Amino acid sequence: MNNEALNRLRWRRSICSSVGLLRLKAHPIQMSACDKVLLAFDFDHTIIEVNSDYHVRKLAPGGVIPHEIVALHSDEGWTKCMAEIFRYLHENSVKPKDILDCMSEVEFTSGMVELFENLNMEKVDIIIISDANSVFIDHILETNGRKNLFHSVFTNPAFFDENGRLSLEGYHVQDHCTLSTKNLCKGQILEDFITARRLDGIKYSLVGYIGDGMNDFCPGLKLSEVDLFFPRQGFSLVKYIQKMETEQGLKVRAELCLWNTGLDILEKIKEKRPDVIKS
Ligand SMILES: [Mg+2]
Ligand SMILES: [Zn+2]
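This is a predicted model, so every value here is computed, not measured.

Draft legend 1. Molecular detail of the overall build of the chain. Counting its regular elements, the chain contains 12 helices and 10 strands. Within the chain, contacts between residues separated by at least 24 positions form 68% of all contacts whose residues are at least 6 apart in sequence.

Draft legend 2. The sheet that holds strand β4 (residues 124-133), seen in detail. Strand order in the open sheet formed by 6 strands is β5-β4-β3-β8-β9-β10, and the pairing between neighbours is parallel. The open sheet has two edge strands, β5 (152-156) and β10 (255-256), and neither has a second partner. For strand β8 (residues 202-211) and strand β9 (residues 228-231), the ladder comprises 4 bridges, and the chain directions are parallel. Among the inter-strand pairings, G211 is bridged to a residue of β9, identified as P231. Packed onto the sheet, helix α8 (residues 134-143) meets β4 and β5 and runs at close to 135° relative to β4.

Draft legend 3. Quick peek at the UniProt feature "active site" (unreviewed entry) in the chain. UniProt's feature table lists "active site" (unreviewed entry) at D42 and D44, given in the numbering used throughout. The residue D42 is located in the loop between β3 (34-41) and α2 (52-55) in this model. C-beta crowding within 10 Å serves as the criterion here: with 25 such atoms nearby, D42 is assigned to the buried category. With residues near it in sequence (within four places) discarded, D42 still touches I129, S130, I210, G211, D212, G213 and D216. If you trace the backbone, D44 turns up in the loop between β3 and α2. A tally of 22 C-beta atoms within 10 Å means that D44 is categorised as buried.

Draft legend 4. Unusual backbone geometry, seen in detail. The residue H45 is not glycine, and still its phi comes out positive at about 60°. In this structure, H45 sits in the loop between β3 and α2. Positive phi outside glycine occurs at S93, with the angle close to 65°.

Draft legend 5. Representation of the pairing of β9 within the structure. On β9, burial covers both faces: L228 and F230 on one face and F229 and P231 on the other are all buried. In terms of handedness, the path from β8 via helix α10 (residues 217-222) over to β9 forms a crossover that is right-handed. With 2 bridges joining them, β9 and β10 adopt parallel strand pairing. Counterpart to F229 in the pairing with β10 is L256.

Draft legend 6. Layout of the environment of N92. Note that N92 resides in the loop between α5 (78-91) and α6 (96-104). For N92, a count of 10 C-beta atoms within 10 Å puts it in the exposed group. A C-alpha to C-alpha distance of 7.3 Å links N92 and A60, two positions 32 residues apart in sequence. Beyond its immediate chain neighbours, meaning those up to four positions away, N92 contacts A60 and P61.

Draft legend 7. Just the nonpolar core, in detail. Counting 63 residues, the largest nonpolar core has L39, A40, F41, I128 and I137 as its most contacted members. The biggest single contributor to this core is α5, with 6 residues. If near-sequence neighbours (up to four positions away) are discounted, A40 is found in contact with I127, I129, L190, V207, Y209 and P219.

Draft legend 8. Local environment of helix α12 (residues 262-272). Residues of α12 that are buried include every one of G262, I265, L266 and I269, and no others. Seen from one end, α12 has its buried residues packed into an arc of 100°, which puts them on one side. On its buried side, α12 packs onto α7 (112-118), β8 and β9.

Draft legend 9. View of the environment of F217. Structurally, F217 is set in helix α10. The class of F217 is buried, set by 24 C-beta atoms lying within 10 Å. On a C-alpha basis, the gap between F217 and G187 in space is 8.3 Å, while along the polypeptide they are 30 residues apart. If sequence neighbours within four positions are ignored, F217 has contacts with L179, L237, Y240, I241 and M244.

Draft legend 10. Fine view of α8. Within α8, 7 of the 10 residues are buried, which leaves the element mostly enclosed by the surrounding structure. S134, V135, F136, I137, D138, I140 and L141 are the residues of α8 that are buried. For α8, the secondary structure elements touched by its buried residues are α2, α6, β4, β5, β6 (158-160) and β7 (166-168). Downstream of α8 by a residue or two, G145 has a phi angle that is positive, lying close to 70°.

Draft legend 11. Spotlight on the pairing of β3. Here β3 runs beside β8; their pairing, made up of 8 bridges, is parallel. Considered in β8, the bridge of A40 is made with Y209. Pairing between β3 and β4: 5 bridges, direction parallel. Looking across to β4, one finds that A40 is bridged to I127.

What counts, and where the lines are drawn
Numbering of residues begins from 1 in every chain and follows the order in which that chain's sequence is written. Here the convention is simple: chains get letters from A, ligands get numbers from 1, in the order in which they are written. In keeping with the predicted nature of the model, local features appear solely for residues at pLDDT of at least 70, side-chain atom pairs appear and are counted solely at 80 or more, and the whole-chain, interface and lining totals rest on all residues. Strands here are runs of E lasting at least two residues and helices are runs of H or I lasting at least four, both read from the DSSP assignment and numbered beginning at the N terminus. Any residue pair is listed as a contact if its two C-beta atoms, each placed from the backbone, are within 7 Å. One bridge is not enough; two strands pair if DSSP finds at least two bridges between them. Axis angles are defined between N-to-C directions and span 0 to 180 degrees, where every axis is a line fitted to C-alpha atoms and, for a helix, only to the segment in contact. UniProt positions are given in the numbering used here, feature names are shortened, and annotations may be inferred rather than shown by experiment. Counting other C-beta atoms within 10 Å of its own, a residue is labelled buried from 20 upward, exposed at 12 or fewer, and partly exposed in the gap between, with every C-beta atom placed from the backbone. Looking down the strands as they point away from the viewer, one classifies a crossover as right-handed if the path from the first strand across the helix to the second runs clockwise. A set of buried Ala, Val, Leu, Ile, Met, Phe, Trp, Tyr and Cys residues, joined through C-beta atoms within 7 Å, is what we mean by a nonpolar core. The arc in question is the one spanned by the directions pointing from the helix axis to the C-beta atoms.

Pasting the structure below:
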């Protein structure tokens, strides 16, 4: 192995204190692979009951976003649409505090806290992969006192600019995955994370992916036969899984585990891997 390759191995990717950003940190090689469980979560309608991108719209005058801004969603994608919504809110005197207070109201989905509290975090890594944004996720996790639980958060980076407008960018620009939007291929993020952790000496013997929407299909497709894919009951992902198999022959290999609350996820993990549940 040449020096350059060795040096690459000696660098460990770890999450920055602010979500959505990765930095490199020197870390010694661990020689033996350590087995853990990885649970990757979507955020809206998964960790939280509401969709934060919809919840913020109540701050618009009369709670209504003009049609021409909403219409950007189909033409320009979700991130562009949300950036324009934040511009509109700013033009209508919505302040950063108003937005943060609005996010403070958001509660975790039923049973999620119990799920997190019952996992032995020495044996489980939990991450978030979301098309929301870093300001919303950061604030909601902090308000609920759960920010430090997550190993990493992958989402669209956002910040309040000097005028107090919430500014938003895509997580990345991708064109190789037609199942995902240009700004966010959750499947690629999941695979990249697992690869980076393997270089850290961490091997995941079980991966669970928990989500509700159609953009959660791509990461679900990356899972293997030994993994668990949790589509939320009554949400669009359930039908989409069937549709993609019937119409495009894209079959999920992982075991499908429908869930409604965090307790359903906890029960399944308990059944498959009692060793990662706190005694
Ligand atoms: Mg969702
Ligand atoms: Zn994708």
